[in-house]
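Now for the letters of each chain:
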Amino acid sequence: QVQLVESGGGLVQSGGSLRLSCAASRSISGFRVMGWYRQAPGKQRELVASITNGGTTDYADSVKGRFTISRDNAKDTVFLQMNSLKPEDTTVYYCNAKFQILNLWGQGTQVTVSS
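All of these numbers come straight from a predicted model, not from anything done at the bench.

**Q** Tell me what's going on with the nonpolar core, and back it up with residues and numbers.
**A** Of all hydrophobic cores here, the largest spans 30 residues; its most connected members are L4, F31, M34, W36, L80, M82 and Y93. Elements supplying a minimum of two residues to this core: β3 (18-24), β4 (33-39), β5 (46-52), β7 (67-72), β8 (77-82), β9 (91-99) and β11 (109-114).

Quick look at the structure:
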């Protein structure tokens, strides 16, 4: 069973930075797409950023220019560098991977941005 484990969340002041990591329990070279989603209470889970195994990236309009997604196939890890954080970025962030017919999720990591 493939597992995704997120880390790097925490509390930061507005304007600060955090780097989220998502480590997979197997090689990610076969993962067609990996991404980060977030879900605020009472709202639908939304895509924050994604990256294909070819390196093509996509971002939500709300994070363009502030967040950067990257993947390190040698370390089986995908990262989300979050800069210029805002209070509205506060929520739980989830790692996602699309592998064969599977849609895999991590357990989530809390990001809290204080004003």
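Still to come is the rest of the account.
**Q** How would you sum up the pattern of salt bridges? Please name residues and give values.
**A** A complete count under the given rule lists four salt bridges for this structure. The residue R66 makes a salt bridge to D89 at a minimum N-O spacing of 2.8 Å. In this pair, R66 is assigned in the loop between β6 (57-59) and β7 and D89 in the loop between β8 and β9, connecting sequence segments 23 residues apart. Its relative accessible area of 1% is what places D89 among the buried residues. Taken together, the shared-partner salt bridges connect R38, E46, R66 and D89 into one network.

Quick notes on the rules
- Residues numbered from 1 in each chain as written.
- Predicted model: local features only at pLDDT ≥ 70, side-chain atom pairs only at ≥ 80, totals over all residues.
- Heavy atoms only, no water.
- Core = buried A, V, L, I, M, F, W, Y, C linked by side-chain atoms within 4.5 Å.
- Buried < 20%, exposed > 50% of the residue type's maximum accessible area, 1.4 Å probe, protein only.
- Helix = DSSP H or I, 4+ residues; strand = E, 2+ residues; numbered from the N terminus.
- Salt bridge = Lys/Arg side-chain N within 4 Å of Asp/Glu carboxyl O.

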